[in-house]
Every structure is written in structure tokens, then in C-alpha cells.
Amino acid sequence: MSSRMAALSLYRRSLKLALDWSVHRDVWRGQALYIRSLFEKNRAVTDPRLQRALLKETEKLLEKWKHPDPYIPPTAPGGSKYERNLPVPNLDPPPPLKF
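Everything quoted here is computed from the prediction, not taken from an experiment. (Residues numbered from 1 in each chain as written. Predicted model: local features only at pLDDT ≥ 70, side-chain atom pairs only at ≥ 80, totals over all residues. Heavy atoms only, no water.)

Undergrad: Would you explain a nonpolar patch on the surface in this entry?
TA: A cluster of nonpolar residues, Trp21, Leu61 and Trp65, forms a patch on the protein surface that exposes about 360 Å² of accessible area. Looking at the secondary structure, you find tryptophan 65 in the segment after helix H3 (48-64). (Patch = residues over 30% accessible without salt bridge, like charges linked within 9 Å, V, L, I, M, F, W, Y side chains within 5 Å. Areas by Shrake-Rupley, 256 points an atom, 1.4 Å probe, with all protein chains shown as cover. Salt bridge = Lys/Arg side-chain N within 4 Å of Asp/Glu carboxyl O. Helix = DSSP H or I, 4+ residues; strand = E, 2+ residues; numbered from the N terminus.)

Undergrad: Is there a simple way to think about the UniProt feature "domain: Complex 1 LYR protein" (unreviewed entry) in the chain in this case?
TA: Mapped onto this structure's residue numbering, the UniProt feature "domain: Complex 1 LYR protein" (unreviewed entry) falls at residues 6-63. Along residues 6-63 the backbone is 84% helical and 0% strand, and the end-to-end C-alpha distance reaches 15 Å. (UniProt positions renumbered as here; feature names shortened; annotations may be inferred.)

Undergrad: Would you take a moment to explain the layout of surface pockets for this structure?
TA: The gaps of empty space that remain are located by a probe, the size of a water molecule, rolled over the atoms. Of the voids in this model, the largest pocket is the one considered here, and its volume is about 1,100 Å³. Those elements that provide at least two residues to the lining of the largest pocket are helix H1 (3-21), helix H2 (25-41) and H3. Counting residues per element, the lining of the largest pocket draws most heavily on H1, at 10 residues. For the lining of the largest pocket, the class distribution of residues is 17 nonpolar, six polar and six charged. Its boundaries defined by the atoms lining it, the second largest pocket holds a volume of some 170 Å³. Lining the second largest pocket we find Arg13, Lys16, Leu17, Asp20, Leu62, Glu63, Lys66, His67 and Pro70. Here the lining of the second largest pocket takes four residues from H1, the largest share from any one element. (1 Å grid on protein atoms, 1.4 Å probe; cavity = no way out; pocket = protein on both sides within 12 Å on 5 of 7 lines; lining within 4 Å. Points joined across faces, edges and corners; volume = space filled by probe spheres on them. Nonpolar A, V, L, I, M, F, W, Y, C, P; charged D, E, K, R; others polar.)

Undergrad: What exactly am I supposed to notice about the side chain of aspartate 20 here?
TA: Tracing the backbone through its elements, the reader meets aspartate 20 in helix H1. Buried aspartate 20, no salt bridge; nearest opposite-charge side chain is lysine 66, N-O distance 8.7 Å. If sequence neighbours within four positions are ignored, aspartate 20 has contacts with His67, Pro70 and Tyr71. (Buried < 20%, exposed > 50% of the residue type's maximum accessible area, 1.4 Å probe, protein only. Lys, Arg positive; Asp, Glu negative; His and termini not counted. Contact = heavy atoms within 4.5 Å.)

Undergrad: For this particular structure, what's the right way to read a positive patch on the surface?
TA: On the surface, a cluster of positive charge is made up of Arg49, Arg52, Lys56 and Lys60. In this structure, lysine 56 sits in helix H3. Its relative accessible area of 57% is what places lysine 56 among the exposed residues. (Charge placed at Lys NZ, Arg CZ, Asp CG, Glu CD.)

As C-alpha cells, this is what we get:
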């Protein structure tokens, strides 16, 4: 994986992690802007060794700040409403074949 793709992946993961800690979007938006500023600050780094070091440091921070009980939308798999009120299956026999 290229460093650009790794940085994008870390950026998305950090935004999702911030959303775990603050479910309300208006609070999360300020955190998202702060996270964006941190990534933008290191955007011009071209040295591969320094890039790897920054990526490792960010991985450690994400692991440190990982939420013990992450937010799961209720209708998503693992959510409290997942597969609740499913439509009734159609149990009618198939129509007779006409030859």
C-alpha cells in the first residue's frame, strides 16, 4: 500500500473513531476539522522514512484512543434493531404449471 493510500485510510479511520466518541454531528464537525488540520500539516512531507514514522505514530494514537464500546447504528449488523420487523416471507404455493 502506498503512503498516500495509508494516510487516507488513517484519516478515514480517525474520523470514524471521533464519531464513536461524539455521536452528535455538530460536536463531531469541530473534531473533524481539527483532525483534517493535523493531516494537512504533514501533507508536504516527502521523505519516506518520515512518512512511515508519522503513519506508525498515528496508528499508535488511533489504538490508544480506540473506544471500548464503539457506536453502531441501530439498523446495522450488531445494532439493537438489526433484522427487527422483517417482512413476512411469502409461503403461498407456486401457481400450477399449464401445458
